Amino acid sequence: MQSDEPDTHTTTATLEAPEIEVVHEVPRPPARGVGERIAWGRIVPMLVLQATCGLVFFTGWSPVAVIVCVALYLVRMFGITAFYHRYFSHRTFRVGRVMQFVGALLGSSATQRGPLWWAAHHRKHHRFSDTDMDAHSPHAHGFLWSHIGWIASPRHHKTDLAQVPDLACYPELRWLDRNDLVVPLLLLGALLGLGAALEAWAPSLGTDALQMGVWGYSISTTLLFHGTASINSLAHLMGKRVWPTKDKSKNSFLLALITLGEGWHNNHHWCPGTVRQGFRWWEIDCAYYGLRVLALFGLVHELRPLPARARNDARRIRG
Ligand SMILES: [Zn+2]
Ligand SMILES: [Zn+2]
């Protein structure tokens, strides 16, 4: 176990980032089989979680519960887009080892599996975008499969460590990846505790444990899931193409608002190595703005800028 740990000096030094596009040569994944089996053990808990949103008809709402729901959506979406996607999948900025783990914890709280699983699948998505080798292409496999079905396929359960050797060398990340429900369960417990405490000590707020659990976890996490999944499905279907990528990715202002910048998906497929997904001033990219703030405090470093080809490229389709 010790032999593959990183050098101890990396515990304080800024971690090395590889070149802009991380591509590891691994065997091509098989195409989706006809009538592929659904792993109900995986999909049922997710459906149950989403069904618990219906408890809102029993718990009602309160301003504090809705505020917690929105705040947790925004913070955890930042964990997904800034860390799971722009850091772990693409290494578009640098962090120290402690901040790397904090980012992994934040992403993990979204209940979208561990950082190595997420990054490994996403790197494969960029290699095989919109071909039948792409696990979640709506063009190759249909909308429903690209949005939610692929997660229930047994073929996609295991973390393919060959895709993420630069991340798998950290034992704390491997631990979090194996135990990806620890953070979500701690969050759920904290929300139930918060709701109970507020009911006891601040009854005028009109909340309780169940209401806080439903709004803070069930509704917030369900919205978070569909927001993230919309980039796999809708961002390859709706919007405008600006760059002539080989895939069918598109730019969508609406999806960019929902996902803190991920909706500029055609931009991203054109230049996956830059930390920015909104290339022009009006392409709102809240995750990038958040990372700029973290950089001001020295928590993240060396945000990879737009390459010149993304600023003024003759191959641009329009605009
Ligand atoms: Zn894509
Ligand atoms: Zn990406």
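Residues numbered from 1 in each chain as written. Chains lettered and ligands numbered in written order. Predicted model: local features only at pLDDT ≥ 70, side-chain atom pairs only at ≥ 80, totals over all residues.

1. Description of the overall build of the chain
At step 1: When its secondary structure is counted, the chain shows 15 helices and 0 strands.
At step 2: Looking at the chain as a whole, 44% of its 319 residues are labelled buried.
At step 3: Across the chain, contacts joining residues at least 24 apart in sequence account for 69% of those joining residues at least 6 apart. (Helix = DSSP H or I, 4+ residues; strand = E, 2+ residues; numbered from the N terminus. Buried ≥ 20, exposed ≤ 12 C-beta atoms within 10 Å, placed from the backbone. Contact = placed C-beta atoms within 7 Å.)

2. A look at the nonpolar core
At step 1: In terms of nonpolar packing, the biggest core is built from 43 residues, with Cys 69, Phe 88, Leu 116, Ala 119, Leu 167, Trp 215 and Leu 291 touching the most fellow members.
At step 2: At the level of elements, helix H3 (63-89), helix H5 (115-128), helix H9 (171-178), helix H10 (182-201), helix H11 (209-232) and helix H14 (286-296) are the ones that each hand at least two residues to this core.
At step 3: Among the elements that make up this core, the one with the highest residue count is H3 (13 residues).
At step 4: When residues no more than four places from it in sequence are discounted, the contact partners of Leu 167 are Phe 88, Pro 115, Leu 116, Ala 119 and Leu 173.
At step 5: Counting residues in each nonpolar core, the second largest holds 7 residues, with Ile 231, Leu 234, Ala 235 and Ala 256 among its members. (Core = buried A, V, L, I, M, F, W, Y, C linked by C-beta atoms within 7 Å.)

3. Observations concerning the environment of Ile 219
At step 1: Looking at the element boundaries, Ile 219 is found in helix H11.
At step 2: For Ile 219, a count of 23 C-beta atoms within 10 Å gives the class buried.
At step 3: Between the alpha carbons of Ile 219 and Val 66 there is a distance of 9.5 Å; along the sequence they are 153 residues apart.
At step 4: With sequence-adjacent residues up to four places away left out, Ile 219 is seen in contact with Cys 53, Val 56, Cys 69 and Val 214.

4. Observations concerning the packing of H3 against H11
For any two helices packed against each other, the geometry comes down to the angle between their axes and how far apart the axes lie.
At step 1: Where H3 contacts H11, the axes come no closer than 8 Å and their chain directions differ by 35 degrees. Once H3 is placed against H11, the crossing between them reads as right-handed. Along the contact surface, H3 presents Ala 65, Val 66, Val 68, Cys 69, Leu 72, Tyr 73, Arg 76, Met 77 and Ile 80, while H11 presents Gln 211, Met 212, Trp 215, Gly 216, Ile 219, Ser 220, Leu 223, Leu 224, Gly 227 and Thr 228.
At step 2: Grouping the amino acids of the contact of H3 with H11 by side-chain chemistry returns 13 nonpolar, 5 polar and 1 charged. (Axes fitted to C-alpha atoms, helices over the stretch in contact; angles between N-to-C directions. Left-handed = near helix turned anticlockwise from the far one by under 90°. Nonpolar A, V, L, I, M, F, W, Y, C, P; charged D, E, K, R; others polar.)

5. Concerning H3
At step 1: The terminal C-alpha atoms of H3 lie 36 Å apart, and with 27 residues this matches the ideal 39 Å at 1.5 Å per residue to within 8%.
At step 2: The buried fraction of H3 amounts to 19 of the 27 residues, a majority that puts the element mostly inside the structure.
At step 3: Backbone geometry just after H3 places Arg 91 at a positive phi near 50 degrees. (Expected span 1.5 Å × (residues − 1).)

6. Things to note about the environment of Ala 104
At step 1: Mapped onto the fold, Ala 104 is located in helix H4 (residues 97-108).
At step 2: C-alpha of Ala 104 to C-alpha of Gly 114: the two residues are 10 residues apart in sequence and 7.8 Å apart in space.
At step 3: With near-sequence residues (within four places) excluded, Ala 104 lies in contact with Phe 83, Pro 115, Leu 173 and Leu 176.

7. Regarding the packing of H3 against H5
At step 1: Axis separation between H3 and H5 bottoms out at 9 Å; the angle between their running directions is 65 degrees. Judged by the sense of rotation from one axis to the other, the crossing of H3 with H5 is right-handed. Within the contact between the two elements, H3 uses Tyr 84, His 85, Phe 88 and Ser 89 and H5 uses Pro 115, Trp 118, Ala 119, His 122 and Arg 123.
At step 2: Residue composition of the contact of H3 with H5, grouped by class: 5 nonpolar, 3 polar and 1 charged.

8. A short note on H5
The periodicity of an α-helix, 3.6 residues per turn, causes residues three or four places apart in sequence to face the same way.
At step 1: Compared with the 20 Å implied by 1.5 Å per residue over 14 residues, the 20 Å span of H5 between its first and last C-alpha is a close match.
At step 2: Within H5, 11 of the 14 residues are buried, leaving the element largely enclosed by the surrounding structure.
At step 3: Regarding H5, the residues found buried are Pro 115, Leu 116, Trp 117, Trp 118, Ala 119, Ala 120, His 121, His 122, Arg 123, Lys 124 and His 125.
At step 4: Looking at the buried positions of H5, the neighbouring elements they touch are H3, H4, helix H8 (165-168) and H9.
At step 5: Phi turns positive, to about 60 degrees, at Asp 130, one or two residues after H5.

9. Focus on the confidence of the model for the chain
At step 1: Put simply, the chain has an average pLDDT of 88, and 87% of its residues get 70 or more.
At step 2: Counting contacts from residues 1-13, a segment whose pLDDT is below 50, to residues more than four positions away or on other chains yields 9 contacts.
At step 3: Across residues 16-30, where pLDDT falls below 50, the model places 20 contacts with residues more than four positions away in sequence or in other chains. (pLDDT = per-residue confidence, 0-100.)

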